[in-house]
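An overview of the molecular structure
Chain by chain, the residues:
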Amino acid sequence: MINILLMSNKNLLFSNILKILRPYQWVKNILVFIPMLMSHKLNYENFLLSLKAFIIFSLVSSIIYVINDISDIKSDQKHPYKKYRPLAAGLISIRECKTLILFLIIFCGLLLFNINTNFLLLIIFYFIISNLYTFIFKKFILIDLLILAILYTLRIVGGGLITDIYVSIWLLSFSIFFFISLASVKRLIELINAKKLRYKKISVRGYVVDDKKTINLISVSTSYISILVLILYINSPQVLKLYSSPKILWGICIIMFFWISRIINVTKKGEIKDDPIIYAINDKISYLCLVLILFIIWLGTTI
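All of these numbers come straight from a predicted model, not from anything done at the bench. (Residues numbered from 1 in each chain as written. Predicted model: local features only at pLDDT ≥ 70, side-chain atom pairs only at ≥ 80, totals over all residues. Heavy atoms only, no water.)

Moving on, we come to the side chain of Lys 28. By the element assignment, Lys 28 lies in the loop between helix H1 (2-21) and helix H2 (34-38). Separated by 2.6 Å, the side chains of Lys 28 and Gln 25 make a polar contact. If we skip the residues at most four places from it in the chain, Lys 28 touches Tyr 65, Tyr 152, Arg 155, Asp 275 and Ile 277. (Helix = DSSP H or I, 4+ residues; strand = E, 2+ residues; numbered from the N terminus. Polar contact = N/O pair within 3.5 Å; in protein donor to acceptor, adjacent residues only side chain to side chain. Contact = heavy atoms within 4.5 Å.)

Here we take up a nonpolar patch on the surface. Taken together, the side chains of Leu 121, Ile 124, Ile 128, Leu 132, Phe 135, Ile 136, Phe 140 and Ile 143 make up a nonpolar region of the molecular surface, amounting to roughly 700 Å² of accessible area. Structurally, the position occupied by Ile 143 is in helix H7 (residues 143-163). Take Ile 143: its relative accessible area is 40%, and that puts it in the partly exposed class. (Patch = residues over 30% accessible without salt bridge, like charges linked within 9 Å, V, L, I, M, F, W, Y side chains within 5 Å. Areas by Shrake-Rupley, 256 points an atom, 1.4 Å probe, with all protein chains shown as cover. Salt bridge = Lys/Arg side-chain N within 4 Å of Asp/Glu carboxyl O. Buried < 20%, exposed > 50% of the residue type's maximum accessible area, 1.4 Å probe, protein only.)

On to the pattern of salt bridges, then. Per the stated rule, a full pass over the model turns up four salt bridges. Linked through salt bridges whose partners overlap, the residues forming this network are Asp 144, Arg 187 and Glu 190.

The subject of this paragraph is the environment of Lys 83. Mapped onto the secondary structure, Lys 83 falls in the loop between helix H4 (73-78) and helix H5 (94-112). Residue classification places Lys 83 among the partly exposed residues on the basis of a relative accessible area of 35%. Taking the C-alpha atoms as reference points, Lys 83 and Ile 73, separated by 10 residues in sequence, lie 8.5 Å from one another. Contacts of Lys 83, omitting those with residues within four sequence positions, involve Asp 76, Gln 77, Ala 88 and Ala 89.

Now for the packing of aromatic side chains. According to the stated counting rule, one finds 10 aromatic pairs in the structure shown. When the ring of Phe 57 is compared with that of Tyr 126, the centres are 5.1 Å apart and the planes differ by 85°; the resulting orientation is edge-to-face. With Phe 57 in helix H3 (residues 44-71) and Tyr 126 in helix H6 (residues 117-135), the pair connects residues that are 69 residues apart, well separated along the chain. Judged by its relative accessible area of 3%, Tyr 126 falls in the buried class. Joined through ring pairs, the aromatic side chains of Tyr 152, Phe 174, Phe 178, Phe 179 and Trp 259 make up one cluster. (Phe/Tyr/Trp six-rings, centres within 6.5 Å; stacked < 30°, edge-to-face > 60°.)

What follows covers the confidence of the model for the protein chain. Across the protein chain, the average pLDDT comes to 85, with 93% of residues at or above 70. Confidence over residues 1-8 falls short of pLDDT 50; this stretch has zero contacts with residues more than four positions distant or in other chains. (pLDDT = per-residue confidence, 0-100.)

Now the structure itself:
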């Protein structure tokens, strides 16, 4: 009987550890594969290096999530949804979280051993900026959106550094505007939820409910600027070297316009509860858009 209880407690602790690590968020680190794919340099060596970058970014992201939960424990306990997080709910202790952080840092350090210096410096920079965001930048309106976009873009840069593949200014420009848009959508979701719960502001952030129109304007404008960057990229000399039929890539712009407009629309209707990227992972239409984009890229290189 005692053995059964011990096994049950261990399984419960493991389950809570998984929850606090947020493995479902690791999908964002797929961005490290973009430089390899966009440059058409998909090979065994680059794939393994990109996979290593994916694992490292996932571990670092989980460390930051645990640190964030420790930092926000008091505000999370008062939040209608976040109060169910393992640490806020008292299902895991701060001491256990600190032990977990130490273990992840050691594991991450082993993976970073003998890796190229530029990628190592980027990971250190990513870790520092992420923690500055957790403790400082997330309290400042608009600045937090830019920091989030930079953190997403650093994943793409990291994928380029570890494989020694040049990341074009077009890709970086698209990434910044696109992820400012998604960060704005996330804030818009929080403001809509706050209004439903009759809160005047978002906890631990500088936004008030009255900022909703401004944030909506930012999300729309930056999303369409990202599409404009994509259009300019399609007409650049660089594309002519990579694609035999670059005009077909215009289809991607149309799909992106539809996808971003739809995400913003369903957000305003209150259909997205938390993160737009997590919503997209469970959205069949988003998968259809992705398949169509990949198909168009394939056509552009073969026709």
